[in-house]
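# Report on the structure
For reference, the chains in residue letters:
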Amino acid sequence: MRMSSFLRYTFVAGMLILSGFTVPAGAVPLVGDYTVGSDPGDDYATLGAAVSDLNNEGISGVVRFVLLEEIFTEQVTIGEFTRAGGAEDAQVIFRGRSFTQRPTLQYAATGTADNWVVRIEQERGLRFENIIFRATGSAEFGKIIFLETPSYDPVEDLVFESCEFNGLTDEADPEAVMVYLDPTLAYVGEGIQFLNNRFTEGAMALHLIASAASNGETQMRVQGNTFVDQNAFGVEQAAIVVDYVDHLILEGNTITNSNGLARAIHIDHAEDFTIRGNTILFSGIGFISAGIVILKDGEGVDAPAQISNNIIAVGRSALEVNGDDIEIQHNTLIGRGTTYFDPVLNVRSSAWNARVRNNIITQTSGKLCFMLSVEATTDHNNYFCGIDGTT
């Protein structure tokens, strides 16, 4: 229970009555700052107690939950809480005191029925900063963030910044995805951002796939993150998997892997995307392995998608493209294919109007550097294909 309930209730209730909003009996909408931890003066002893008040009482303005540098072994569901008065666009922020004073939120799932640390049913306006999330189960159940909106609404204005996600070690089962969007219950809306986070182990880091295209604008930015040793190796499995996003930016991320990850990035149905300044280093050598795989529906795109200034060094193909109107420029691509069907850069037959310019393409095994299955513009590329490589 909050320490200052009476004072907050008196002030908030008065403001809401003046604005014409009726306060339900016993409800005290949250607004302002609250501390969560074991200190005697903290407003809440557990995150679960804080989230319970959030779900039951709603908010009347911006709310900040500041978590102390402690270990919180619990599981929470952020429901569809009410927004009173002018709080329709107000954020609810969960944060540690600083990057050097971060709390840890952890949970050991036992099956599909409780497979999450944080489940998010609220469709908009949540932000998480400076928090360590950890899945601690011993089986394959290791989801950390589970996104679902019961009314099949878009998930919007959701930000994770300077957080750390620790998945299950050596676990490749899809039940061990760290951030998962249920494609039957939600889809990506506007303002989804992952900024300067670290993702370690787990099957996949981000798995954000809707079952169909949204009816409105969808936007997502993944920038400045570090992805280390994800374990998935199946088709359409990667450290980052995204489907049905109209405007996607992947910039300045680092993806490294030493355990045979199939793919670093897998994208489908992205109408407009920018993949820029990323570094991908891993050793996957399976027949579906690749640094980046693009399956793109090109309808309605006003400007070409961009893949630029990336460094990709992998065990097989660095980049596979199968979509319209894509510019591939100023990348360093290094592969180690074992057959002639493993080119470093593979522009497939459906990739109309591709432009491949000013790239460095190196095949260290002596096989193909570049396979082009459709007409494309190629200018000023440098090829280093070993002993018997061709273009």
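All of the points below concern the structure found in this document. Please read these numbers as outputs of a predicted model, since none were measured by experiment. (Residues numbered from 1 in each chain as written. Predicted model: local features only at pLDDT ≥ 70, side-chain atom pairs only at ≥ 80, totals over all residues. Heavy atoms only, no water.)

Pairing within the open sheet is parallel, and its twelve strands lie in the order β3-β6-β9-β12-β16-β19-β21-β23-β26-β29-β32-β35. The open sheet has two edge strands with one neighbour each: β3 (71-73) and β35 (382-384). With direction set aside, neighbouring strand axes in the sheet form an average angle of 10°. The sheet contact formed by strand β23 (residues 279-282) and strand β26 (residues 311-313) spans three bridges and is parallel. By the bridge assignment for β26, Leu281 is matched with Ala313. (Pairing = 2+ DSSP bridges. Helix = DSSP H or I, 4+ residues; strand = E, 2+ residues; numbered from the N terminus. Axes fitted to C-alpha atoms, helices over the stretch in contact; angles between N-to-C directions.)

Take the side chain of Glu201 next. As for its position among the elements, Glu201 is in the loop between β16 (198-200) and β17 (206-209). Although buried, Glu201 forms no salt bridge, and the nearest oppositely charged side chain, Arg198, lies 9.6 Å from it. (Buried < 20%, exposed > 50% of the residue type's maximum accessible area, 1.4 Å probe, protein only. Lys, Arg positive; Asp, Glu negative; His and termini not counted. Salt bridge = Lys/Arg side-chain N within 4 Å of Asp/Glu carboxyl O.)

Core analysis: the largest hydrophobic core is formed by 93 residues, its most contacted members being Phe65, Phe94, Phe128 and Phe133. Residue contributions to this core peak at six residues, all from strand β22 (residues 263-276). Look past the residues within four positions of Phe133 in its chain and what remains in contact with it is Leu105, Val118, Phe128, Ile144, Ile145, Phe160, Cys163, Glu164, Phe165 and Asn166. Listed in part, the nine residues of the second largest apolar core include Val177, Tyr180, Ala232 and Ala238. (Core = buried A, V, L, I, M, F, W, Y, C linked by side-chain atoms within 4.5 Å. Contact = heavy atoms within 4.5 Å.)

On inspection of all chains with the given rule, the structure shows 16 aromatic pairs. Pairing Tyr34 with Tyr44 gives two aromatic rings, centres 6.1 Å apart and planes at 55°, and the pair type is tilted. Of this pair, Tyr34 sits in strand β1 (residues 30-36) while Tyr44 sits in the loop between β1 and α2 (47-57), and the two are ten residues apart along the sequence. The buried category is assigned to Tyr44, whose relative accessible area is 2%. Taking the centre distance of 4.6 Å and the plane angle of 5° together, the rings of Phe165 and Phe199 count as stacked. Separated by 34 residues along the polypeptide, Phe165 in strand β12 (residues 164-166) and Phe199 in strand β16 bring together distant segments of the chain. Look at Phe165 and you get buried, because its relative accessible area is 0%. An aromatic cluster is built from Tyr34, Tyr44, Phe65, Phe94, Phe128, Phe133, Phe160, Phe165, Phe194, Phe199 and Phe227, whose rings are joined through pairwise contacts. (Phe/Tyr/Trp six-rings, centres within 6.5 Å; stacked < 30°, edge-to-face > 60°.)

Now for the pairing of β23. Sheet faces and side chains relate simply in a regular strand, where the side chains alternate between the two faces. Burial of the side chains of β23 is restricted to one face: Ile280 and Phe282 are buried, whereas none of Thr279 and Leu281 on the reverse face is. Note that strand β21 (residues 254-257) and β23 share four bridges and pair parallel. Across the sheet, the residue bridging to Thr256 is Leu281, located in β23.

Next up on the list: the pairing of strand β18 (residues 219-223). Burial of β18 is one-sided: the residues Met220 and Val222 facing one way are buried, the residues Gln219, Arg221 and Gln223 facing the other way are not. Examined bridge by bridge, strand β15 (residues 192-195) and β18 share four bridges and lie parallel to one another. The residue of β18 that forms the bridge with Gln193 is Arg221.

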